[in-house]
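Okay, here's what each chain looks like letter by letter:
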Amino acid sequence: VAAMSKNPQQALADFRTAIELGDASIETLQAYVELLAKCGEFEEAQKQLAKLESMGGSDDRIESFAIGLALQRNQIPQAIQRAREAVSEEPDDPARRIWLASVLVRGGHKEAAEEEFERVVQEFPKDASALTAWFAYLLETKQVDRARSVLQQLTDQSELKGPVRS
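**Digging into the pattern of salt bridges**
Part 1: One pass over the full model with this rule turns up 11 salt bridges.
Part 2: With its nearest N and O atoms 3.4 Å apart, the salt bridge here joins R96 to D93.
Part 3: Looking at R96, the relative accessible area reads 11%, which means it is buried.
Part 4: Look at D93 and you get buried, because its relative accessible area is 18%.
Part 5: Here E116 makes a salt bridge to R97, at a shortest N to O gap of 2.7 Å. With E116 in helix 8 (residues 110-123) and R97 in helix 7 (residues 94-106), this pair connects stretches of sequence that are 19 residues apart.

Here you go:
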């Protein structure tokens, strides 16, 4: 990892050599795809990502990375579609729902994003990550009164009421 950050071009060459010599592990391909994207080699990253997915690599990390890659390439409709598919695969996962709302925000679909945030908070009212994401969005969009209300919900759910004393 340290070598990748010090000399990413050399790390890319090393990954290419390892893959050419037969290292086809999912871990190697994941790291290679991530480094390709960080270096701005989006076309190659997309090709390697497709290869990775064809190998049966379909975990949350790969899906999240695919959505992130689409966003980096400004392929907003594809990113939204993939995020919607991820939600439909596991609709009871609030993290996927939050990710969808975030992708919608990034795509400029404010109304749809707000609906998704509201839906996830309504369906998972005790999920602090959903409330926190909704709160952050409201602050970012300068909806202070609504943010205060969500902050109150977070405070009410917290076990710590008031300052912590030692």
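**What to know about the packing of aromatic side chains**
Part 1: Per the counting criterion, the structure on display carries four aromatic pairs.
Part 2: Ring plane angle 40° and centroid distance 5.8 Å describe the contact between F15 and Y32, whose orientation is recorded as tilted. Taken together, the residues span a long stretch of sequence, with F15 in helix 2 (residues 8-20) and Y32 in helix 3 (residues 26-38) at a distance of 17 residues.
Part 3: Under the relative-accessibility criterion, F15 is labelled buried at 14%.
Part 4: With centroids separated by 5.9 Å and ring planes inclined at 10°, the aromatic side chains of W134 and Y137 adopt a geometry described as stacked. Note that W134 and Y137 are positioned in helix 9 (residues 128-140) at a spacing of three residues, about one turn of the helix. As far as burial versus exposure is concerned, W134 and Y137 are alike and both buried.

**Overview of helix 9**
Part 1: Its 13 residues place the ends of helix 9 18 Å apart at the C-alpha level, agreeing with the 18 Å of an ideal helix rising 1.5 Å per residue.
Part 2: Taken together, the buried positions of helix 9 are occupied by A130, L131, A133, W134, F135, Y137 and L138.
Part 3: In this fold, the buried residues of helix 9 make contact with helix 7, helix 8 and helix 10 (144-157).
Part 4: In the stretch just after helix 9, K142 is the one whose phi turns positive, near 60°.

**Some points on the confidence of the model for the chain**
Detailed reading of predicted coordinates is not advised where the pLDDT is low.
Part 1: Within the chain, residue pLDDT values average 83, and 89% of them lie at 70 or more.
Part 2: Least confident of the elements in the chain is helix 1 (residues 2-6), whose mean pLDDT is 59; most confident is helix 8, at 94.

The rules behind these values
- Residues numbered from 1 in each chain as written.
- Predicted model: local features only at pLDDT ≥ 70, side-chain atom pairs only at ≥ 80, totals over all residues.
- Heavy atoms only, no water.
- Salt bridge = Lys/Arg side-chain N within 4 Å of Asp/Glu carboxyl O.
- Buried < 20%, exposed > 50% of the residue type's maximum accessible area, 1.4 Å probe, protein only.
- Helix = DSSP H or I, 4+ residues; strand = E, 2+ residues; numbered from the N terminus.
- Phe/Tyr/Trp six-rings, centres within 6.5 Å; stacked < 30°, edge-to-face > 60°.
- Expected span 1.5 Å × (residues − 1).
- Contact = heavy atoms within 4.5 Å.
- pLDDT = per-residue confidence, 0-100.

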